[in-house]
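Spelled out from the first residue to the last, the chains are:
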Amino acid sequence: MPYLKPLPSITDLNRPFWDALKRHEFAVPRCEDCGDYNWVPYPACRSCLSENQAWTPVSGRGTVYSYTISHRGPGAFDAEVPYAIVLGELAERPRPMLVLGNLVNYPVDQISIGMPIQISYLDVPDEDVTIWQWQAAG
């Protein structure tokens, strides 16, 4: 069955992120001067403004910070309603890193703020790309 959802636009700047996802690693920019993680990616560290950053794998563990349930989805997403769109807070610190993604394989009426979640990976069939999703942590 063909994958009908939008695919990412991969550029030289974000290629290390997408390459990490192919290896089933969630990577974020980490400042090599102060050590802080930075998500969402930005050309300079949000703590010290250094441009000396490196893509660094993180645990992918987090908690539900916020969420919404979609009962009507655009295009190919409509086949999966209702589905949960979760803003998950990654465990790494010192700054909160909030990552948006769908929560899969979990009843939408049982989601709660603070519940443990984990990044999971979907290798898109017939495409050379992997995307991330959230799943309940066991």
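It should be emphasised that the depicted structure is a prediction, and the values quoted were computed from it without experimental measurement.

Rules and cut-offs
- Along each chain, residue indices are assigned from 1 in the same order as the chain's sequence is written.
- Residues qualify for local features only when their pLDDT is at least 70, as the model is predicted, and side-chain atom pairs are given and counted only at 80 or more; totals for whole chains, interfaces and linings, by contrast, use all residues.
- The basis for the side-chain values is all heavy atoms of the structure; hydrogens and waters are excluded.
- Only protein chains enter the calculation, and the probe is 1.4 Å; a residue is then buried if its accessible area is under 20% of its type maximum, exposed if over 50%, and partly exposed in between.
- Per the convention used, a helix needs a DSSP run of H or I reaching at least four residues, while a strand needs a run of E reaching at least two, with both numbered from the N terminus.
- Starting at the helix axis, one direction is taken to each C-beta atom, and the arc is that of these directions.
- Between two residues, a contact is recorded if the distance between any of their heavy atoms is within 4.5 Å.
- We call a set of buried Ala, Val, Leu, Ile, Met, Phe, Trp, Tyr and Cys residues a nonpolar core when their side-chain atoms join them within 4.5 Å.
- Points on a 1 Å grid over protein atoms alone make up a cavity when a 1.4 Å probe fits among them but cannot get out, and a pocket when they form an open set with protein on both sides within 12 Å along at least five of seven lines; lining residues each have an atom within 4 Å of a point.
- Grid points are joined across faces, edges and corners, and a volume is the space filled by probe spheres set on the points.
- All amino acids are sorted into three groups, where Ala, Val, Leu, Ile, Met, Phe, Trp, Tyr, Cys and Pro are nonpolar, Asp, Glu, Lys and Arg are charged, and the leftover types, Gly among them, are polar.
- For two strands to be treated as a pair, DSSP must find at least two bridges joining them.
- Axis geometry follows a simple rule: fit a line to the C-alpha atoms, using only the stretch in contact for helices, then measure angles between N-to-C directions, giving values from 0 to 180 degrees.
- When a carboxyl oxygen of Asp or Glu is within 4 Å of a side-chain nitrogen of Lys or Arg, the pair counts as a salt bridge.

1. What about helix α1 (residues 15-22)?
Line of reasoning, step 1. For α1, the set of buried residues is F17, W18, A20 and L21. Looking down the long axis of α1, one finds its buried residues gathered within 155° of arc, a one-sided arrangement.
Line of reasoning, step 2. Buried positions along α1 lie against β1 (26-31), β2 (53-58), β6 (116-123) and β7 (130-136).
Line of reasoning, step 3. A positive backbone phi angle near 60° is found at H24, which sits one or two residues after α1.

2. Thoughts on the nonpolar core
Line of reasoning, step 1. Within the largest apolar cluster, 23 residues are counted, with the highest numbers of intra-cluster contacts made by F26 and W134.
Line of reasoning, step 2. Among the secondary structure elements, those contributing two or more residues to this core are α1, β1, β4 (83-90), β5 (98-104), β6 and β7.
Line of reasoning, step 3. Look past the residues within four positions of F26 in its chain and what remains in contact with it is F17, L21, W39, T56, P57, V58, L90, V99, I119, Y121 and W132.

3. Overview of the environment of V81
Line of reasoning, step 1. Turning to its location among the elements, V81 is positioned in the loop between β3 (61-70) and β4.
Line of reasoning, step 2. Its relative accessible area of 29% is what places V81 among the partly exposed residues.
Line of reasoning, step 3. In this structure the C-alpha to C-alpha distance between V81 and S70, which are 11 residues apart in sequence, comes to 6.4 Å.
Line of reasoning, step 4. Beyond its immediate sequence surroundings of up to four residues, V81 is in contact with S70, H71, R72 and G73.

4. Here we look at the layout of surface pockets
Line of reasoning, step 1. Its boundaries defined by the atoms lining it, the largest pocket holds a volume of some 790 Å³.
Line of reasoning, step 2. Forming the boundary of the largest pocket are 27 residues, of which Y3, K5, F77, N102 and I131 lie nearest the centre.
Line of reasoning, step 3. Put simply, the parts of the chain that give the lining of the largest pocket at least two residues each are β4, β5 and β7.
Line of reasoning, step 4. No other element matches the 5 residues that β5 contributes to the lining of the largest pocket.
Line of reasoning, step 5. The residue inventory of the lining of the largest pocket, partitioned by class, reads 21 nonpolar, 4 polar and 2 charged.
Line of reasoning, step 6. The space that makes up the second largest pocket amounts to roughly 270 Å³.
Line of reasoning, step 7. Looking at the second largest pocket, the residues that line it are L13, N14, P29, P41, Y42, P43, E51, Q53, A54 and W55.
Line of reasoning, step 8. A per-element tally of the lining of the second largest pocket places β2 first, with 3 residues.

5. Brief notes about the sheet that holds β3
Line of reasoning, step 1. Strand order in the closed barrel formed by 5 strands is β3-β4-β5-β7-β6, and the pairing between neighbours is mixed. The mean angle between the axes of side-by-side strands here comes to 50°, regardless of whether they run parallel or antiparallel.
Line of reasoning, step 2. Where β5 and β7 come together, 2 bridges link them in parallel fashion. Bridge pairing in β7 links L103 to W134.
Line of reasoning, step 3. Running over the sheet, α1 touches β6 and β7 and is turned about 60° from β7.

6. Points about the pattern of salt bridges
Line of reasoning, step 1. All chains considered together, the criterion is met by 4 salt bridges.
Line of reasoning, step 2. Between E80 and K5 there is a salt bridge, with the nearest N and O atoms lying 2.6 Å from each other. Here E80, found in the loop between β3 and β4, pairs with K5, found in the segment before α1; they are 75 residues apart in sequence, far enough to count as distant.
Line of reasoning, step 3. On the basis of relative accessible area, K5 is assigned to the buried category, the value being 17%.
Line of reasoning, step 4. Among the ionic pairs, D128 bridges to K22, the shortest N-O distance being 3.1 Å. Of this pair, D128 sits in the loop between β6 and β7 while K22 sits in helix α1; the two residues are 106 residues apart in sequence, bridging distant segments of the chain.

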